[in-house]
Amino acid sequence: MKLLIVFISIFFDVLLCNMFKFSTYNISYFFPMLTITSIVYISNFYTNQNRKNYYMITLLCAIIYDTLTINNLLITLTLFETVAFLNIKLKKKFNNNLFNNILRLILSIFIYDLLFIFLLFIVKYQNINFGLLLYKFSHSLILNIVYFSIMFLVLKKRKA
């Protein structure tokens, strides 16, 4: 089920990015980061003992996502594995409820965006400023929080 969640999220990510053709300064309020959202969500299925499986799924997810979108494997692997590591650490601190999971999602998106902007700055890709970071971060929250909430509520384990 975890792989299915990740593959569906990658599919929707690629579909939405290709449909709307986002540019650096023209980002919709529904900017998709659904793959990151699914990485945050599936971290709930892993404990400290089997976290290696979580990191492997994140690695596979990063490779597939990079192949379909960014084509810069080193940056994608760094970002995805950092988000995965962050989620395993934060999961220990927070209870597993919708509010705390959305908080982890917001932190993950912010860290992802911050690291992405920082890595672009290091390789001198383009002139990046803090305003761009806040702009992208604020425009990616709505869709991803709604997507996460739907996943959390629909796929929640039901008691018999």
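A short tour of the structure in this document, coming up. Predicted model, so just to flag it, every value in this text is computed and none were measured. (Residues numbered from 1 in each chain as written. Predicted model: local features only at pLDDT ≥ 70, side-chain atom pairs only at ≥ 80, totals over all residues. Heavy atoms only, no water.)

## Details of the packing of aromatic side chains
Scanning the model with the defined rule gives 10 aromatic pairs in all. Measuring from ring centre to ring centre gives 5.7 Å for phenylalanine 11 and phenylalanine 12, while their planes differ by 55°; the resulting arrangement is tilted. Judged by centre distance (6.2 Å) and plane angle (70°), the rings of phenylalanine 80 and tyrosine 112 are edge-to-face. Residue phenylalanine 80 is found in helix α4 (residues 73–93), and its partner tyrosine 112 is found in helix α5 (residues 98–122); the two are separated by 32 residues along the sequence. (Phe/Tyr/Trp six-rings, centres within 6.5 Å; stacked < 30°, edge-to-face > 60°. Helix = DSSP H or I, 4+ residues; strand = E, 2+ residues; numbered from the N terminus.)

## Details of helix α3 (residues 51–68)
Relative to the 26 Å expected for 18 residues at 1.5 Å per residue, α3 spans 26 Å between its end C-alpha atoms, a close match to the ideal helical length. Looking at α3, one finds that the buried residues are Tyr54, Tyr55, Ile57, Thr58, Cys61, Ala62, Tyr65 and Asp66. Projected onto a plane normal to the axis of α3, the buried residues spread over an arc of 165° and lie on a single side. With respect to the buried face of α3, the exposed residues turned more than 90 degrees away are Lys52, Met56 and Thr67. (Expected span 1.5 Å × (residues − 1). Buried < 20%, exposed > 50% of the residue type's maximum accessible area, 1.4 Å probe, protein only. Arc of directions from axis to C-beta.)

## With respect to α5
Taking 1.5 Å per residue as the helical rise, α5 with its 25 residues ought to reach 36 Å, and the 36 Å between its terminal C-alpha atoms agrees with that figure. Taken together, the buried positions of α5 are Asn100, Asn101, Ile102, Arg104, Leu105, Ser108, Ile109, Tyr112, Asp113, Ile117, Leu119 and Leu120. On its buried face, α5 is in contact with α2 (34–42), α3, α4 and α6 (130–154). The distance from a side-chain oxygen at the start of α5 to the backbone nitrogen of phenylalanine 99 is 3.3 Å, and the residue carrying that oxygen is asparagine 97. (Contact = heavy atoms within 4.5 Å. Polar contact = N/O pair within 3.5 Å; in protein donor to acceptor, adjacent residues only side chain to side chain.)

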